[in-house]
Amino acid sequence: MTILTPLFAVFGIMLLGTLVQKLKLLPVDTDQVLNQYVYYIAFPAIMLIALAQQPIGEILQWGFIAGYSTAMVITYLVCLGLSLLANPKQHAVAAIRALNATFGNTAFIGIPLLIILFPQQQSALVAAAIASLLSVLMFAVALVSMELATNTQRQHHALVIMMMAVGKNPIVIGSLIGVCISALEIKLPSGLALMIQQIGNTSSPCALFAIGMVLAKAMRYQKDSSVFSPKNFIELSLINLFKLAIQPALVYFMLNRFGVSGDYLIMGVILSALPTAASVYLLAQRYNTQASTSAQGILFGTLVTFFSLPILESLVRTYA
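Residues numbered from 1 in each chain as written. Predicted model: local features only at pLDDT ≥ 70, side-chain atom pairs only at ≥ 80, totals over all residues. Heavy atoms only, no water.

1. Looking at the packing of aromatic side chains
So, step 1. Scanning the model with the defined rule gives eight aromatic pairs in all.
So, step 2. Measuring from centroid to centroid gives 5.3 Å for F11 and F306, while their planes differ by 80°, and the two rings are edge-to-face. Pair noted here: F11 is in helix α1 (residues 4–23) and F306 is in helix α16 (residues 291–319), with a separation of 295 residues, a long-range link.
So, step 3. With relative accessibility at 14%, the residue F11 sits in the buried group.
So, step 4. The rings of F8, F11, F306 and F307 are connected pair by pair, giving a single aromatic cluster. (Phe/Tyr/Trp six-rings, centres within 6.5 Å; stacked < 30°, edge-to-face > 60°. Helix = DSSP H or I, 4+ residues; strand = E, 2+ residues; numbered from the N terminus. Buried < 20%, exposed > 50% of the residue type's maximum accessible area, 1.4 Å probe, protein only.)

2. Thoughts on the pattern of salt bridges
So, step 1. What the rule picks out here adds up to two salt bridges.
So, step 2. A salt bridge links E235 to R97; the nearest nitrogen and oxygen atoms lie 3.1 Å apart. On the criterion of sequence distance, the pair formed by E235 in helix α13 (residues 230–257) and R97 in helix α5 (residues 91–100) is long-range, its members being 138 residues apart. (Salt bridge = Lys/Arg side-chain N within 4 Å of Asp/Glu carboxyl O.)

3. A word on a nonpolar patch on the surface
So, step 1. Among the surface-exposed residues, L15, L19, L23, L25 and L26 lie close enough to one another that they form a single nonpolar patch of about 500 Å² accessible area.
So, step 2. For L19, the position within the fold is in helix α1.
So, step 3. Using a relative accessible area of 44% as the deciding quantity, one classes L19 as partly exposed. (Patch = residues over 30% accessible without salt bridge, like charges linked within 9 Å, V, L, I, M, F, W, Y side chains within 5 Å. Areas by Shrake-Rupley, 256 points an atom, 1.4 Å probe, with all protein chains shown as cover.)

4. Comments concerning unusual backbone geometry
So, step 1. One non-glycine residue, K89, lies in the positive phi region at around 75°.
So, step 2. Inspection of the secondary structure assignment puts K89 in the loop between α4 (62–86) and α5.
So, step 3. Exposure remark for K89: the relative accessible area of 77% places this residue in the exposed category.
So, step 4. With a phi angle near 55°, N288 is a residue other than glycine that sits in the positive phi range.
So, step 5. Among the structural elements, N288 can be located in the loop between α15 (278–286) and α16.

5. Remarks on α5
So, step 1. Among the ten residues that make up α5, nine are buried, leaving the element largely enclosed by the rest of the structure.
So, step 2. Buried residues of α5: A92, V93, A94, A95, I96, R97, A98, L99 and N100, and no others.
So, step 3. Those residues of α5 that are buried lie in contact with α4, α7 (122–150), α13, α15 and α16. (Contact = heavy atoms within 4.5 Å.)

Right, here's the structure in full:
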């Protein structure tokens, strides 16, 4: 199956969400309700059951974990450094820019995309789960950076803030439960396993539909901001260059260095080449830092991905 088929399916559901939001066919806060359902219930369920039903040896893909995380850290640090060179002392802005260039939508887009592209392969969910967990850690690093840069009255140490961000993440909790079930070789009752699977299966369409609604809201920023100004266009282009091209190239290189090949290599590059997750926009909005630019960057990156991802997938399949 060519990647264009699942891409059309993925972006088709997102487009439907955008149209529904534009036409106001559902309550204005429907995207928030869907996001909360997916984030707190559906994604933890699919992560839990996917990992619980895999042998622990299949989950502990140390080469994939090392290669993918190294590429993410390099991308983050390079973007952080370049931003501080351009705007010294603006650490919060630098953290958001670096996160925009690093934190891909491996859960909301990556999971449904890999499920369609690699049908009947549990390894697709394992790869997406690993990438999502590593992205959560990267998000926690950026969160600590934002707290240190903007909150002088913080009550907790930076390490505590990071641990709280990771420990309270429902995707992390669901994944850890699934890993423990796998490691202990516990067989879930068939009825319970089917229930969790059915709940998890709702994650993909709900997540994609919600993303479409969020993007429709993000488009409102276009009316009030100078998205086509040279400075803004250059910033958006550089962020998405790192996110959609440089980071996938680094992931390909690092996975090769750590001996990863075959489907896991292809999956790693695809996951790293996805557009920035909407969570970055929410963090930027929370700290009132680069919120408009983040929204525009996510929209821009999502559109570019429709053209860039098939090219990258073709290249990595050729040279994998």
